[in-house]
Structures are given as structure tokens and as C-alpha cells.
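Take a look at the letters that make up each chain.
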Amino acid sequence: MSPPPLLLPLLLLLPLLNVEPAGATLIRIPLRRVHPERRTLNLLKGWGKPAKLPKLGAPSPGDKPTFVPLSNYWDVQYFGEIGLGTPPQNFTVAFDTGSSNLWVPSRRCHFFSVPCWFHHRFNPSASSSFKPNGTKFAIQYGTGRVDGILSEDKLTIGGIKGASVIFGEALWESSLVFTVSRPDGILGLGFPILAVEGVRPPLDVLVEQGLLDKPIFSFYLNRDLKVADGGELVLGGSDPAHYIPPLTFVPVTVPAYWQIHMERVKVGSGLTLCARGCAAILDTGTPVIVGPTEEIRALHAAIGGIPLLAGEFAQGDVRLCLSGFRALDIASPPVPVWILGDVFLGAYVAVFDRGDMKSGARVGLARARPRGADLGRRETAQAQYRG
């Protein structure tokens, strides 16, 4: 459920640069969408203060950007396809800006790890380019834990082939959430400091190996349930056909999660939340907007919501309308923390730019263009190009 415009956070937008570099070749990854049916998947991860700041991406080697279609699982999960190994073994993964590791289920997973039996599993014996690593890893999410071993093989993503990445083969997935989750695994797009066992995140590897020119990517999430596709992940830049200018950038304040400063949240004309400013984390791995308990409680009271289904709120009427806001107190002084998940991101195109040694990381936001207008604009541009 997308919130009305008056419920959207008002960001403190500090314009750094409102234009995209010209001449970039974009790598497109289509997204697919999965719907929530009558269950709610709480994909919130455990948030904590990083021990130290990560190194920013190295200067880009050239000027090529790429594209990856996404699928949408009932506005709860957006995911796309990658390949691992030679020949590529195909997997669907959730592209998650709130973590930094790539993992998929393993053919060698524990017999009693139920999620393995409902998803594609990586088979090292079927890949001629597989290299064993053997280091154990564990990733703790808000809804469960993944344990396994690290391995090395070739990654195929959005037409990019031959990247040698270290990824996780999941041997044990502890939560029922992983069983009902449509994606097989997760591909993290956060900063290196979040990666367990010091593994280089896939985005960093693509840039370091010269397969992607810029450490930039963008999300267009399609929230229209009448349309089959779930949007697009663009590696190397953004597609102007997806958004309505201007594209305005704000600096990342803590380069671990994609965290920025938010000035306030206004609910109608009578309620202001985050009144003294707060931190906001843009997270494609969280389906909702998350805020401090007391403020979310006040927000639900302002819109006439009533408690339902373990913390969710709904408008009392014949039709059931579930709120896209959830309460969670994240200990991160000195300011409160909000998580802006897919409910927020669906209204925008978000551009995530890791920056380089000269410029810091930043996030760009622009209003998303309606899907029909997006397709028409792209077809027009292609026709003019051919002409």
C-alpha cells in the first residue's frame, strides 16, 4: 500500500548535482514482484552502529553504465535473476541495499533446512569455474539467520559476464520466512563494512574488475498491480525515462547503510514527526516505512488506524486497508532512525552513488514516472536514435 502524498517524509534535500552524466551505457536488470496474499513478511534486519567507516569506491575506470528487470512479489518482495558458475546456474535474488553479501542456497545444504527444498540450489560440481574457499559465514537478519560456507565462482548479471565473486553457499536457513520467500537468495548492495567475513560486495567487484564503470545503481519499483513487471534495477547510472526531473542528490551521512538526513515527517496539516530531524535509511530489503514506536503510534491515530495483526493498523470499514508504516525503536543516538522501504521508494526513482576518493557517497531522488509514460518515452527515444 502506498501512502498518500501528505504522509511521505519531507527530506532535507541538499542539492549536490541534479544531472546524470551523459553517454553512459546502462545495465538493466528487470524486477519481478511477489504479492503478500494474506500473510505479512517482516523482512526487517537488525540495525546497528558500524564499528568503522568503510572505504569508498575507487575512481571509475571509464564511462560505460548497464540494466536488470525486477519481479514484484505482491509489493512485499522485488527480485531479479542472476547466474553463478560456468555454465551459469540461474537464481532469483532480492537486491538489498541494507546488506552487502551475496548468497544462495547450496546443493550441500542441511537435510532439515526446509527452505533449501523450496528453492534453486547451487551445485559446485556442475561449474567448471568453481573455486572452493571453505570459510564459514553467518548472517543474522531480523527474521532469521543464514549459515554456510564461502565459495568463489563467476557471476552473470544483466548481461555482465565473467566477474569472479566470493559468495555464500547457504547450508542452513533458520526461519520460515526463507521458506515462503520467493527469491532464492540475496544480493547485497550496501557498503563494504556491512559484508561479513570481509567479502568484497558484488558491486565493488564489478567496478574493480573493469566490468562496470561507475559504482552507481538505481531502482525503479513498479507499484501498479495491474502491470506484470516489477520495475528495473539499473547498474552504472539511471534511466531518465523512469523519472520526472529534477533528480536531486543528498549526501550519505554514514556510509554503511544508505543513510541520509531527514528534516521532518508531516502528516496532513496537524502532525509533525521527526520534528528535530532524524536519520533515514533507504532500504530496498524492507517492504514498509519504519519509525520510532511513539511516532508511528501518533501517525496511526492521526489517520484513524486501529491495531490489527500484531502491530499492523487498518482503517475501520468494510474494506480492509493495511498501513504501510511499522514501529521499531532502533538504538542509534543522537537522533531517531527511520527506515524508508519499498512503500516510500515506490513513489520515487532512487539513485545510489558510492562516489569516489574525491566525492562522498550520495543518494538521488526524483518522482517516478507512471509506467505507461515511461514505456512511451523510451520507445520515442529509441525511434529517434534509429532515425
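These numbers come from a predicted model, not from an experiment.

Cut-offs and rules
Residues numbered from 1 in each chain as written. Predicted model: local features only at pLDDT ≥ 70, side-chain atom pairs only at ≥ 80, totals over all residues. Heavy atoms only, no water. Helix = DSSP H or I, 4+ residues; strand = E, 2+ residues; numbered from the N terminus. Contact = heavy atoms within 4.5 Å. Areas by Shrake-Rupley, 256 points an atom, 1.4 Å probe, with all protein chains shown as cover. Salt bridge = Lys/Arg side-chain N within 4 Å of Asp/Glu carboxyl O. Buried < 20%, exposed > 50% of the residue type's maximum accessible area, 1.4 Å probe, protein only. Phe/Tyr/Trp six-rings, centres within 6.5 Å; stacked < 30°, edge-to-face > 60°. Pairing = 2+ DSSP bridges. Disulfide = S-S within 2.5 Å. Arc of directions from axis to C-beta.

### Quick word on the overall build of the chain
Within the chain one finds five helices and 24 strands. Pairs at least 24 apart in sequence give 74% of the contacts found in the chain among residues at least 6 apart. Element-wise, carbon and sulfur atoms account for 58% of the exposed surface of the chain, whose accessible area totals about 17,200 Å².

### Topic: the pattern of salt bridges
Scanning the entire structure with this criterion turns up 10 salt bridges. Its salt-bridge partner being Arg-354, residue Asp-204 comes within 2.8 Å of it at the nearest N-O pair. Of this pair, Asp-204 sits in helix α2 (residues 202-208) while Arg-354 sits in the loop between β23 (348-353) and β24 (362-368), and the two are 150 residues apart along the sequence. The two residues Asp-204 and Arg-354 agree in class, both being buried. Sharing partners across several salt bridges, the network here consists of Arg-200, Asp-204, Glu-208 and Arg-354.

### Concerning the packing of aromatic side chains
In this structure the tally under the stated criterion is 13 aromatic pairs. Ring geometry for Phe-122 against Phe-130: centres 6.1 Å apart, planes inclined by 45°, an arrangement best described as tilted. Residues Trp-258 and Phe-352 carry aromatic rings whose centres are separated by 5.1 Å and whose planes lie at 75° to one another, so their mutual orientation is edge-to-face. Residue Trp-258 is located in strand β15 (residues 258-267), and its partner Phe-352 is located in strand β23; the two are separated by 94 residues in the primary sequence. Residue Trp-258 is classed as buried on the basis of its relative accessible area of 0%. Given a relative accessible area of 0%, Phe-352 falls into the buried group. Among the aromatic residues, those joined into a ring-pair cluster are Phe-191, Phe-217, Phe-219, Trp-258 and Phe-352.

### A few points about the pairing of β24
Within β24, six of the seven residues are buried, which leaves it mostly tucked inside the rest of the structure. Both β23 and β24 contribute to a ladder of six bridges, which runs antiparallel. Opposite Val-351, over in β24, you have Gly-364 as the bridge partner.

### A look at the state of the cysteines
This structure, assessed with the given rule, holds one disulfide. Note on cysteine connectivity: Cys-274 is disulfide-linked to Cys-278, with sulfurs 2.0 Å apart. One quick way to see it: the torsion about the S-S bond of Cys-274 and Cys-278 is about -110°, and its sign makes the bridge left-handed. With relative accessibility at 3%, the residue Cys-274 sits in the buried group.

### Structural notes on helix α3 (residues 293-302)
Because an α-helix completes one turn every 3.6 residues, residues spaced three or four positions apart along the sequence face the same direction. Every buried residue of α3 is listed here: Ile-296, Leu-299 and His-300. What you see down the axis of α3 is that its buried residues fit within an arc of 95°, all on one side. Opposite the buried face of α3, at more than 90 degrees from it, the exposed residues are Glu-294 and Ala-301. Just downstream of α3 lies Gly-304, where phi reads positive at about 80°.

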